[in-house]
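Here's the letter readout for the chains.
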Amino acid sequence: MAQMASPHALYISEILFAISYYLEDDRKALARLARCCHAFSEPALSVLWSSVRSFSPFIPLLPPTVKFLWDHSQFDEVTLAEFQCPPEEEWRVFDSYARKVRRLYSGSHGHQIVARIRSETTLFPLLRSLSLQLVEPLDMQSHLFPDSLRSLKISGPAYVHCEDDRVQMAIANVARDAPLVEYLHIEDYTYSVAQSSLPPLHFAHLRAVEISAFFDYTLLQSLCHILSQAPVTQLKLELPPLPNKEWNISTPVFPALISLQICGPPASAEQFIFHLASKGLQELSIHHTRGPASVADYRHLLSRIADKYSKTLQQLSLSLSQSPTPGYPYDLSQAVLDSFYALAPSFSRLETLHLSLPHNRYVHLAPELTFESPTWPSLKLLDF
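As the structure is a prediction and not an experimental result, all values here were calculated from the model.

## Observations concerning the confidence of the model for the protein
For residues with low pLDDT, the predicted coordinates do not support detailed interpretation.
Right, so step 1: For the protein, the average pLDDT comes to 82, and 83% of its residues sit at 70 or higher.
Right, so step 2: Looking over the protein, one finds the lowest element-wise mean pLDDT in helix α1 (residues 13-22), namely 70, and the highest in strand β8 (residues 259-263), namely 96.

Set out below in structure tokens:
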């Protein structure tokens, strides 16, 4: 019986890749496709390995001597200091798959250890997006961040007292090795973090930053300092629930900022806005969902916003769900509205206004919050 010839379309690599990308979410189908047809092998494997959710799949691909360390958990400082990196030919299989990876979610210390062993080489040279938890301090000699990197999410150890500045030093490594990074997300779950002596770092392409500081302001202060001169236009901050009116940022920060979102106490939000160097903030969102606050805190916050950005703000969102007196949200809601009424005429360029306050059916809605009011001639959307 004559053997059936393959359709001519399957000789076109672009079509093979298009079919493989169509199956991107079906990893089992991609694996079967790579095994059953030689023509599909490279396209299917490229898509299958383009997004990897842990470092574990690379462990069987390590050189035998490195894998021996892994199998026997020999990662102490003495062993690693004396260990000789295997020659390049022993990394051939590892490299053939590592070059396919574009997105990596690495939550183990194995990635850091292998990068330290092979410090002269970037493990994933074409990586575009990396999510990394720093289980231990970073070796400054290793090259964990390739110059192809565009998006980075990094976090320190969770729920411990951290006595070093590993997160800040990792950011310094990013500035050195991955200067084209555009998006940076930093999560901090530690109870205390060491201050860093790093100066402001150079990030020519960094545009969007997200910082989540759940327990302590120390890392937030340090990160604001080392990122202070970056051309960030979009910033999201999640602050600890307990306000800290005295947290100190030594210099003005984020001069290019256009859009700012803050989740946290109004007193801390007011302090941060005070230190902003941006002259043209256009979008501001404040969400207070946990932690104490007083009427005075909200008044100071609104006054600060009006003083600095009443002439530039086009979108303003205030979501306040905490009442200083449990069970009596009227005082807070009405006080916030009264303060806002007094400042309303200064927001001349406002196009979108969103107000979400603790519910009370007796809150007085003044004429200023209507489309018919001449207070905001630019207003297009009102959500109350």
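## Focus: the pairing of strand β11 (residues 352-356)
Right, so step 1: Burial along β11 is one-sided: the face carrying Leu 353 and Leu 355 is buried and the face carrying Thr 352, His 354 and Ser 356 is not.
Right, so step 2: Note: strand β10 (residues 315-320) against β11, 5 bridges, orientation parallel. Counted as the bridge partner of Leu 316 is Leu 353 from β11.
Right, so step 3: Relative to strand β12 (residues 381-383), β11 runs parallel, the two sharing 3 bridges. When the sheet's bridge partners are listed, Leu 353 is paired in β12 with Leu 382.

## Quick word on the packing of aromatic side chains
Right, so step 1: All told, the structure shown has 10 aromatic pairs when counted by the stated rule.
Right, so step 2: Pairing Trp 49 with Tyr 97 gives two aromatic rings, centres 4.7 Å apart and planes at 50°, and the pair type is tilted. Of this pair, Trp 49 sits in the loop between α3 (38-48) and β1 (51-52) while Tyr 97 sits in helix α6 (residues 92-98), and the two are 48 residues apart along the sequence.
Right, so step 3: Every member of this aromatic cluster is reached through a ring pair, and the members are Trp 49, Phe 55, Phe 58, Trp 91, Phe 94, Tyr 97 and Phe 124.
Right, so step 4: Over the aromatic face of Tyr 105 sits the side chain of Arg 53, whose NZ or CZ is 4.8 Å from the ring centroid.

## What to know about the pattern of salt bridges
Right, so step 1: Throughout the structure, instances matching the rule amount to 8 salt bridges.
Right, so step 2: A salt bridge links Lys 153 to Glu 187; its shortest N-O distance comes to 3.8 Å. Remark: Glu 187 occurs in strand β5 (residues 183-188) and Lys 153 occurs in strand β4 (residues 151-155); sequence separation between them is 34 residues.
Right, so step 3: Since its relative accessible area comes to 32%, Lys 153 is described here as partly exposed.
Right, so step 4: Glu 187 gets classed as buried once you look at its relative accessible area, which sits at 14%.
Right, so step 5: The salt bridge partner of Glu 210 is Lys 236, with a shortest N-O separation of 3.8 Å. Taken together, the residues span a long stretch of sequence, with Glu 210 in strand β6 (residues 208-213) and Lys 236 in strand β7 (residues 234-238) at a distance of 26 residues.

Conventions adopted
Residues numbered from 1 in each chain as written. Predicted model: local features only at pLDDT ≥ 70, side-chain atom pairs only at ≥ 80, totals over all residues. Heavy atoms only, no water. pLDDT = per-residue confidence, 0-100. Helix = DSSP H or I, 4+ residues; strand = E, 2+ residues; numbered from the N terminus. Buried < 20%, exposed > 50% of the residue type's maximum accessible area, 1.4 Å probe, protein only. Pairing = 2+ DSSP bridges. Phe/Tyr/Trp six-rings, centres within 6.5 Å; stacked < 30°, edge-to-face > 60°. Lys NZ or Arg CZ within 6 Å of the ring centre and 35° of its normal. Salt bridge = Lys/Arg side-chain N within 4 Å of Asp/Glu carboxyl O.

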